[in-house]
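Inside the fold
Read off the chains here:
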Amino acid sequence: MSEAVLTVAQMVAAEKAAMAAGTSEWELMLKAGQGAAQWVHRAAGGRPVTVLCGPGNNGGDGYVIAEDLGSRGYDVDVIAPVEPSTDTARTARSQFGGDTREQGPFEHAIVVDCLFGYGLSRQVEGVYRELLEELSASDCFKIAIDVPSAVRSDCGSTLGPLPRYDLTLALGAWKQAHFLMPSMAMMGAKELIDLGLPLDDAHGVLSSRPALSAPAADAHKYTRGLVAVVAGEMPGAPLLSCEAGMRAGAGYVKLFSDRSHPDAPADLVIVEDDLDEALEDDRIDALLVGPGLGRGETSRERLAAALTSGRQCVLDADALHLLDDDLLEGVDPSRILLTPHEGELAALCESFGVEADGKLDRARSLSAATGLTVLAKGPDTILVGEGTTLFFPQGSSWLSVAGSGDVLAGICATRLAGSRSPMEAAQDAVWLHHEAARLAGPAFTALQLAHCVKPAMASFL
Ligand SMILES: NC(=O)C1=CN([C@@H]2O[C@H](COP(=O)(O)OP(=O)(O)OC[C@H]3O[C@@H](n4cnc5c(N)ncnc54)[C@H](OP(=O)(O)O)[C@@H]3O)[C@@H](O)[C@H]2O)[C@@H](O)CC1
Ligand SMILES: Nc1ncnc2c1ncn2[C@@H]1O[C@H](COP(=O)(O)OP(=O)(O)O)[C@@H](O)[C@H]1O
Ligand SMILES: [K+]
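Residues numbered from 1 in each chain as written. Chains lettered and ligands numbered in written order. Predicted model: local features only at pLDDT ≥ 70, side-chain atom pairs only at ≥ 80, totals over all residues. Heavy atoms only, no water.

Keep this limit in mind: UniProt positions are given in the numbering used here, feature names are shortened, and annotations may be inferred rather than shown by experiment.
The chain is annotated in an unreviewed UniProt entry as Bifunctional NAD(P)H-hydrate repair enzyme from Qipengyuania nanhaisediminis. On record in UniProt, under Subunit (unreviewed entry), the comment for the chain is "Homotetramer."

Structural data, given as structure tokens:
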């Protein structure tokens, strides 16, 4: 099954293509509704079910689900504030053998929300709002069909009450809202129902678990990748990056620093030479610049030296505040990975004159304008480069701890040094970071997270 992530426009185009190839809209709705009903049945286990049906085809899916559950012997209560407004939804309504009522309250322990899908076009008000408020307040098991009804499918923002769902059933393909905040955190478990739609042209893809491998039998430290972390004014952050990078499979991690690091581990090599000289080492496979760098003139010079060395680079933290067109002159953008959080992404957009709203569009526009690979971090992480956007399953919210980004940057640099492209390296790193957080459990520190990168590697071998 394809793991494409589509915009509404792409979804409509895919459905049109399926119809042009001979599948009717009604056939698609039947397949969607019956596929969803199978999941509802699994969740309900025979208990009575309430289905909320809106005016469009999402409501049409609701009637198909209700009819399917009714034929399995379920007690089904359908609440439909208005009659269907599309031909296909009318067909679904006419095929549903039961009665409907126009409003709540609802009493059943399982509620299926089919008020609006990707056709939501404005603020949810009146009886629809009341139903979603009732759903929010209820302790029933909540199932969203396609997307939660108050969610804008392209951006994950809301146009009304957003209950916390237990299960969301995506129809035909993932929508961007399935992996963007705030909606992604409220959807519960997510399942995809395959409708056989043609999805080959999608620019968005759900990242799949990477398969990593042990070093080759004849590996030595340099073939596994030499990472150099370019330190600056503050010692802690680059050390965290090194701790993580050393556990993500690098053969060699060096810290380029002109300061003393009494807390550095014994197995980390610290190079105190002049930076330009240190950068002449041909064996360096990737550089990390930014954590603890500082933003003064010396920091800018260190960043410039790293960029002009022609090495592959991960740029994070302070480097992202310093970066501009001048620093990128003559630099091959395909060798650079940026790892901004939201504030850094906004700063980058300002520096590069990129005007866009929202994290997704900002990351895409920045990558398009500069040719750089952009890993936009946060509760929802988006990776943009090579004309593709990758989305990720949600990571642990315990990652919201100081230094967690330094750990991620260290993993990125190691993966980049290990013969991975910026897109592949960032993808590996997000999965390793999430897995390390899962293994670290609750309330970890950034250093504990870095230590869990090693056991996290085992999950992908
Ligand atoms: N096409 C296919 O092949 C398949 C599609 N499938 C299903 O179709 C869903 C998309 O269906 P859809 O396009 O009909 O839109 P949907 O989300 O039901 O809502 C639109 C309706 O709601 C109305 N409306 C909007 N906002 C409103 C508001 N705030 N308050 C009040 N009204 C509001 C809007 O009115 P209008 O804006 O036109 O005035 C229109 O009447 C998709 O998510 C999936 O579930 C599956 O069956 C698989 C096959
Ligand atoms: N609520 C959250 N849920 C999941 N991941 C999060 C959350 N908050 C932050 N993260 C992750 O933690 C890291 C934080 O990075 P960053 O903001 O650069 O922190 P720092 O600068 O303190 O190192 C990023 O990888 C981000 O994706
Ligand atoms: K819905």
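Anyway, onward from the coordinates.
1. Description of the site of ligand 2
Selection rule: Definition of nearness: a residue and a molecule or strand are near each other if at least one heavy atom of the residue lies within 4 Å of the molecule or strand. Any N or O atom pair separated by 3.5 Å or less is treated as a polar contact, with the protein-specific requirement of one donor-capable and one acceptor-capable atom, and with residues adjacent in sequence counted only for side-chain atom pairs. Surface accessibility in these figures is a Shrake-Rupley result with a 1.4 Å probe; residues are shielded only by whichever protein chains are displayed. To qualify as a helix, a DSSP run of H or I must reach at least 4 residues; to qualify as a strand, a run of E must reach at least 2; elements of each kind are numbered from the N terminus. In the scheme used here, Gly and all other residues not listed as nonpolar or charged are polar, with Ala, Val, Leu, Ile, Met, Phe, Trp, Tyr, Cys and Pro taken as nonpolar and Asp, Glu, Lys and Arg as charged.
Close to ligand 2 lie 18 residues, the nearest being K377, G378, G403, S404 and G405. Contacts to ligand 2 include S404, whose side-chain N or O atom sits 3.0 Å from an oxygen atom. G405 is positioned such that a nitrogen or oxygen atom in its backbone is 2.7 Å from an oxygen atom of ligand 2. In the complex, 79% of the free accessible area of ligand 2, which totals 570 Å², lies under the protein chains. With four residues, the single largest contributor to the shell around ligand 2 is helix α13 (residues 404-417). Here the shell around ligand 2 is composed, by residue class, of five nonpolar, 11 polar and two charged.

2. Observations concerning the UniProt feature "binding site: AMP" (unreviewed entry) in the chain
How we decide: Contact definition: two residues touch when any of their heavy atoms are within 4.5 Å.
Here the UniProt-annotated "binding site: AMP" (unreviewed entry) positions come out as K377, G378, P379, D380, T381 and G405. In sequence the annotated residues extend across 29 residues, while in space they remain close, none of their C-alpha pairs exceeding 13.8 Å. With respect to the helices, strands and loops of the structure, K377 is situated in the loop between β17 (373-376) and β18 (382-385). Beyond its immediate stretch of four places on either side in the chain, K377 contacts D316, T339, P340, H341, E342, E344, K359, G405 and L408. As for its placement among the helices and strands, P379 is situated in the loop between β17 and β18.

3. Overview of the coordination of the potassium ion (ligand 3)
Each pair of donors in an ideal octahedron of six around a metal sits at 90 or 180 degrees, and each pair in an ideal tetrahedron of four sits at 109.5 degrees. Basically, it comes down to this: We call an atom a donor if it is N, O or S and sits within 2.8 Å of the metal, or 3.2 Å for Na, K and Ca. Water is not counted, so some sites may look partial. Labels for metal geometry use angle windows, namely 85 to 135 degrees for all angles of a four-donor tetrahedral site, and for square planar (four donors) or octahedral (six donors) sites opposite donors over 155 degrees apart plus all others within 65 to 115; sites meeting none of these are irregular.
Those donors, N58 (OD1), D113 (O), F116 (O), I145 (O), V147 (O) and S149 (OG), are the protein atoms that reach the potassium ion (ligand 3), and they lie 2.6 to 3.1 Å from it. In this structure, the potassium ion (ligand 3) is coordinated by six donor atoms arranged in irregular fashion, with angles at the metal of 67 to 178 degrees. When the donor residues of the potassium ion (ligand 3) are listed from N- to C-terminus, their spacing reads N-x54-D-x2-F-x28-I-x1-V-x1-S.

4. Concerning the state of the cysteines
Working definition of a disulfide: a covalent bond connecting the sulfur atoms of two cysteines. Threshold: Any cysteine sulfur atom paired with another within 2.5 Å is treated as part of a disulfide. Only protein chains enter the accessibility calculation, which uses a 1.4 Å probe; a residue whose area is less than 20% of its type maximum is buried, one above 50% is exposed, and one in between is partly exposed.
Under the defined criterion, the tally for this structure stands at zero disulfides. Counting only cysteine sulfurs, C412 is the nearest neighbor of C313, a cysteine outside any disulfide, at a range of 13 Å. The closest cysteine sulfur to the non-disulfide-bonded C452 is located on C412, 18 Å from its own sulfur. Assessed through its relative accessible area of 15%, C452 is described here as buried.

5. Details of the environment of S404
Relative to the helices and strands, S404 resides in helix α13. Along the backbone, S404 and L449 are 45 residues apart, and their C-alpha atoms lie at a distance of 7.5 Å. Setting aside residues up to four positions removed in sequence, S404 forms contacts with L399, H433, A446 and L449. At 2.9 Å, the side chain of S404 and the backbone oxygen of L399 are in polar contact.

6. Side note on the sheet that holds strand β5 (residues 110-114)
Rule in force here: By definition, two strands form a pair when at least two bridges between them are found by DSSP.
Strand order in the open sheet formed by seven strands is β4-β3-β2-β5-β6-β7-β9, and the pairing between neighbours is parallel. At either margin of the open sheet sits one strand with a lone partner, and together these are β4 (100-101) and β9 (189-193).

7. What to know about the sheet that holds β17
To keep things clear, this is the line we draw: Lines fitted to the C-alpha atoms define the axes, with helices restricted to the stretch that makes contact. Angles between their N-to-C directions range from 0 to 180 degrees.
Ordered in space as β8-β1-β10-β19-β18-β17-β16-β15-β14-β11-β12-β13, the 12 strands form an open sheet in which the pairing is mixed. The sheet terminates laterally at β8 (174-175) and β13 (269-271), the two strands that pair on one side only. Summarising the sheet, β17 and β18 pair through three bridges and their orientation is antiparallel. In the sheet register, V374 faces β18, and the bridge partner there is V384. Seen against the sheet, helix α12 (residues 358-370) touches β16 (336-338), β17, β18 and β19 (388-391) and runs at an angle of roughly 25 degrees to β18.

8. Some details on the site of ligand 1
What surrounds ligand 1 is a group of 24 residues, the closest being N58, D61, G117, R122 and D146. G117 places a polar main-chain atom, nitrogen or oxygen, 2.5 Å from an oxygen atom of ligand 1. Between ligand 1 and G119, the relevant distance is 2.9 Å, taken from an oxygen atom to a main-chain nitrogen or oxygen of the residue. When isolated, ligand 1 has an accessible area of 940 Å², and the protein chains bury 81% of it.

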